[in-house]
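# Structural characterization, general
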Number of protein chains: 2
Amino acid sequence: MKAIILFGHGARDSRWREPFDRLATLWRAQHPDTPVELAFLEMMQPSLEEAVTFLAGGGVTQITVVPVFFGQGGHLRNDFPVLLEACKKQLPGVKLSATPAVGEDLAVLQAIVDFGARAL
Amino acid sequence: MKAIILFGHGARDSRWREPFDRLATLWRAQHPDTPVELAFLEMMQPSLEEAVTFLAGGGVTQITVVPVFFGQGGHLRNDFPVLLEACKKQLPGVKLSATPAVGEDLAVLQAIVDFGARAL
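So, here's what we can say about the structure.

Each value, and the rule that gives it
- Residues numbered from 1 in each chain as written.
- Chains lettered and ligands numbered in written order.
- Predicted model: local features only at pLDDT ≥ 70, side-chain atom pairs only at ≥ 80, totals over all residues.
- Helix = DSSP H or I, 4+ residues; strand = E, 2+ residues; numbered from the N terminus.
- Buried ≥ 20, exposed ≤ 12 C-beta atoms within 10 Å, placed from the backbone.
- Contact = placed C-beta atoms within 7 Å.
- Least-squares fit on C-alpha atoms with pLDDT ≥ 70 in both.
- Nonpolar A, V, L, I, M, F, W, Y, C, P; charged D, E, K, R; others polar.

### With respect to the environment of B:Leu26
Turning to its location among the elements, B:Leu26 is positioned in helix 1 (residues 18-30). The exposure class assigned to B:Leu26 is partly exposed, which follows from the 18 C-beta atoms found within 10 Å. Sequence separation between B:Leu26 and B:Leu91 is 65 residues, and the spatial gap between their C-alpha atoms is 28 Å. Once residues lying within four places of it in the same chain are set aside, the contact partners of B:Leu26 are A:Leu109, A:Gln110 and A:Val113.

Right, here's the structure in full:
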């Protein structure tokens with residue numbers, strides 16, 4: 001079974017995660033056959049490894065990790081690959097892959113432009 | 001004249017800003033009559049005040065600031081309103097307003113869900 005992890009930065013303020021919870025709710029409504037979990041780099045739970053372990057425990061064998069970041073800076077270029085490799089070693093039975101950051105997607109950028117245009 | 005500022009967090013790695021530059025390029029192509037500038041909270045230039053001052057110098061009298069953040073945590077709830085107020089005091093001739101974070105917009109979230117679905 002395939003699953004998806006939406007991977008965010010995390011923040012001290014618990015309200016920061018609201019859009020991430022909304023993303024997971026949207027995903028579950030539209031893709032009910034593909035489990036989704038959130039995971040965070042820091043300051044929020046679960047970690048990437050915890051989310052992967054949870055999904056694997058439910059019979060998931062293939063996970064796509066989507067970094068919900070705009071830019072690809074140090075977190076995605078340095079920290080994230082290390083975390084991903086650690087998960088692969090920890091759970092060799094799960095096929096793990098990652099997409100680029102969502103900020104690399106033209107449709108995401110276009111939605112931001114349209115949001116700004118509506119606000120003028 | 002109206003203008004828009006796309007306000008991001010900033011990062012040490014200069015490549016982090018690539019999606020922001022792409023956003024500004026998209027904006028300029030699609031809304032050529034409404035000037036756009038980027039501004040950053042920290043670690044990147046220009047600051048919000050620098051961007052507002054630059055636009056005001058070009059005859060802009062009304063600016064909408066769009067926070068290109070997913071979640072509304074401490075940066076947007078605490079730091080950003082202080083910066084915005086400081087700009088209003090500094091440039092009383094410019095009408096400044098701000099939208100919610102782009103992560104509050106359903107179309108932006110939907111674009112992220114669709115990006116994840118295409119990657120499965």
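We are not done yet, so read on.
### A short note on the relation of the copies chain A and chain B
Between the two chain copies there is a screw-like relation: a rotation about an axis and a shift along it. Structural alignment of chain A on chain B gives an RMSD of 0.0 Å, achieved by rotating through 180° and translating 0.0 Å along the axis. Such a combination of turn and shift is consistent with a two-fold rotation axis. Within chain A, the C-alpha atom positioned nearest to the axis of rotation is that of A:Val108, 3.0 Å from it.

### Here's the deal with the interface of chain A and chain B
Each partner contributes to the interface: chain A provides 45 residues, whereas chain B provides 45 residues. The set of elements that each furnish at least two residues to the side of chain A that touches chain B consists of strand 1 (2-8), helix 1 (18-30), strand 3 (62-67), helix 3 (74-90) and helix 4 (106-119) of chain A. When residues in the side of chain A that touches chain B are grouped by element, the largest group, 12 residues, is from helix 4 of chain A. Of the residues belonging to the side of chain A that touches chain B, the class tally is 21 nonpolar, 13 polar and 11 charged.

### Thoughts on unusual backbone geometry
All names here are of chain A. In this structure, proline 46 follows glutamine 45 across a cis peptide bond, with omega equal to 0°. By the element assignment, proline 46 lies in the loop between strand 2 (36-40) and helix 2 (48-57). Positive phi, normally seen in glycine, also occurs at methionine 43, with a value near 70°. In this structure, methionine 43 sits in the loop between strand 2 and helix 2.

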